[in-house]
Amino acid sequence: MADSPLAPHASTPAELQDRLRAEREGDPFLVFRDDQGRQRLEPLEGRAGRVTIGRNPTNDVALTWDEEVSRLHAEIEPLGGEWILADEGLSRNGSFVNGERVDGRRRLRDGDVIRIGRTSLAFRVPEPADSRPTAAATGHTGPPALTDTQRRIVTALVRPYRDSDFAAPATNGQIAEEVFLSVDAVTLHKRGLFQAFGVDALPQNQKRAALAMRALQEGVVNRRDL
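Figured I'd write up the structure that's included with this text. (Residues numbered from 1 in each chain as written. Predicted model: local features only at pLDDT ≥ 70, side-chain atom pairs only at ≥ 80, totals over all residues. Heavy atoms only, no water.)

Considering the packing of aromatic side chains
Counted by the stated rule, this structure contains zero aromatic pairs. Positioned over the ring face of Phe96 is Arg115, at 4.3 Å from the centre of the ring. (Phe/Tyr/Trp six-rings, centres within 6.5 Å; stacked < 30°, edge-to-face > 60°. Lys NZ or Arg CZ within 6 Å of the ring centre and 35° of its normal.)

Encoded structure:
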């Protein structure tokens, strides 16, 4: 997916905002594009038992346009607080997670990319929703001037989107490893970045995604950087 035309900078601001809104709600969801290139978000909570995926329009997630998808291709089900992808002989062409074929069942993790036929679906499990009301970012008029270190940190934060249009931003540990700083130093720099980009008033579990979204929207990070 590194060469996919659906790189994050190709997403519209409205699409990025829709994904951020889904993350704020805190429930697991799938995000993918249909045959017209439109972003689709499919929540997994609130459905009766298993979530079916296939070409038949009666499926919970219907990939009707993809001829390589079986009528009933795979299922996603909650099990012991986790979500499991099951393809136990249902499909003709198999199901893949992060490029590896699923043999029966596989536990899904946040950011996993499921490939079914020619369609890629990202599995997202946002951090638990904060009980505080979401504060709107205010006083933000454009991309701030960044130091070299801040720019490296923002680029590392967004880098997971290089491999998937629907990835989760990098963790502090991943950023620290890339930019050769301690996790504490990364945390300190990110506090300044949250303020610089006008997202410091948001609940803690929303700041990383909001910072990544603003960096992409405002062109602070572009394709060459990733």
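Examining unusual backbone geometry
For Asn98, which is not glycine, the phi torsion reads 55 degrees and is therefore positive. The topology assignment puts Asn98 in the loop between strand 7 (95-97) and strand 8 (100-101). Even without being glycine, Phe180 reaches a positive phi, approximately 60 degrees. (Helix = DSSP H or I, 4+ residues; strand = E, 2+ residues; numbered from the N terminus.)

Points about the side chain of Ser95
Looking at the element boundaries, Ser95 is found in strand 7. Of the polar contacts made by the side chain of Ser95, one reaches the side chain of His73; its length is 3.4 Å. At 2.7 Å, the side chain of Ser95 and the side chain of Asp87 are in polar contact. If we skip the residues at most four places from it in the chain, Ser95 touches His73, Ala74, Leu85, Asp87, Glu100, Arg101, Val102, Arg115 and Ile116. (Polar contact = N/O pair within 3.5 Å; in protein donor to acceptor, adjacent residues only side chain to side chain. Contact = heavy atoms within 4.5 Å.)

Details of the sheet that holds strand 6 (residues 82-87)
The five strands are arranged 4-3-5-6-9 in an open sheet whose pairing can be described as mixed. Looking at which strands have only one partner, the edges of the open sheet turn out to be strand 4 (61-62) and strand 9 (104-107). Summarising the sheet, strand 3 (residues 51-54) and strand 5 (residues 74-79) pair through three bridges and their orientation is antiparallel. Bridge pairing in strand 5 links Ile53 to Ala74. (Pairing = 2+ DSSP bridges.)

Some points on the pairing of strand 1 (residues 29-33)
The buried fraction of strand 1 is high, at five of five residues. Along strand 1, one buried face is formed by Phe29, Val31 and Arg33 and the opposite face, lined by Leu30 and Phe32, is buried too. Judged from the five bridges that link them, strand 1 and strand 2 (residues 39-43) form a sheet pairing that is antiparallel. When the sheet's bridge partners are listed, Val31 is paired in strand 2 with Leu41. Linkage of strand 1 to strand 2, two consecutive antiparallel strands, is achieved through a turn of five residues, within which Gly37 is found at a positive phi near 80 degrees. With four bridges connecting them, strand 1 and strand 11 (residues 119-124) associate as antiparallel partners. Within strand 11, the position partnered with Val31 by the bridge is Ala122. (Buried < 20%, exposed > 50% of the residue type's maximum accessible area, 1.4 Å probe, protein only.)

Re the side chain of Glu42
Its place among the elements puts Glu42 in strand 2. Given the relative accessible area of 13%, Glu42 is considered buried. Not counting residues up to four positions away in its chain, the partners in contact with Glu42 are Phe29, Leu30, Phe32, Arg47, Asp60 and Val61.

Notes on the nonpolar core
Ranked by internal contacts, the top residues of the largest apolar core, which has 30 residues, are Val154, Val158, Ile175, Leu193, Leu211, Val220 and Val221. Among the elements of the structure, helix 1 (13-25), helix 2 (148-158), helix 3 (172-179), helix 4 (183-196) and helix 5 (204-217) are those that each provide at least two residues to this core. No other element matches the seven residues that helix 5 contributes to this core. The residues touching Leu193, leaving out its near neighbours within four places in the chain, are Leu146, Gln150, Ile153, Val154 and Leu211. By size, the runner-up hydrophobic cluster in this structure holds 19 residues, among which are Leu30, Val51, Leu85 and Leu121. (Core = buried A, V, L, I, M, F, W, Y, C linked by side-chain atoms within 4.5 Å.)

Considering helix 3
Buried residues of helix 3: Ile175, Ala176 and Val179, and no others. Looking straight down helix 3, one finds that the buried residues subtend no more than 100 degrees of arc, so they occupy a single side. Here the buried face of helix 3 lies against helix 2 and helix 4. Directly after helix 3, the chain includes Phe180, whose backbone phi takes a positive value near 60 degrees. (Arc of directions from axis to C-beta.)

Remarks on the sheet that holds strand 7
In space, the six strands of this open sheet follow the order 2-1-11-10-7-8, with antiparallel pairing throughout. Looking at strand neighbours, the two that pair on one side only are strand 2 and strand 8, the edges of this open sheet.

A word on the environment of Gly89
By the element assignment, Gly89 lies in the loop between strand 6 and strand 7. Among the residues examined, Gly89 registers a relative accessible area of 69% and is labelled exposed. For the pair Gly89 and Asp103, spaced 14 residues apart in sequence, the C-alpha to C-alpha distance is 8.8 Å.

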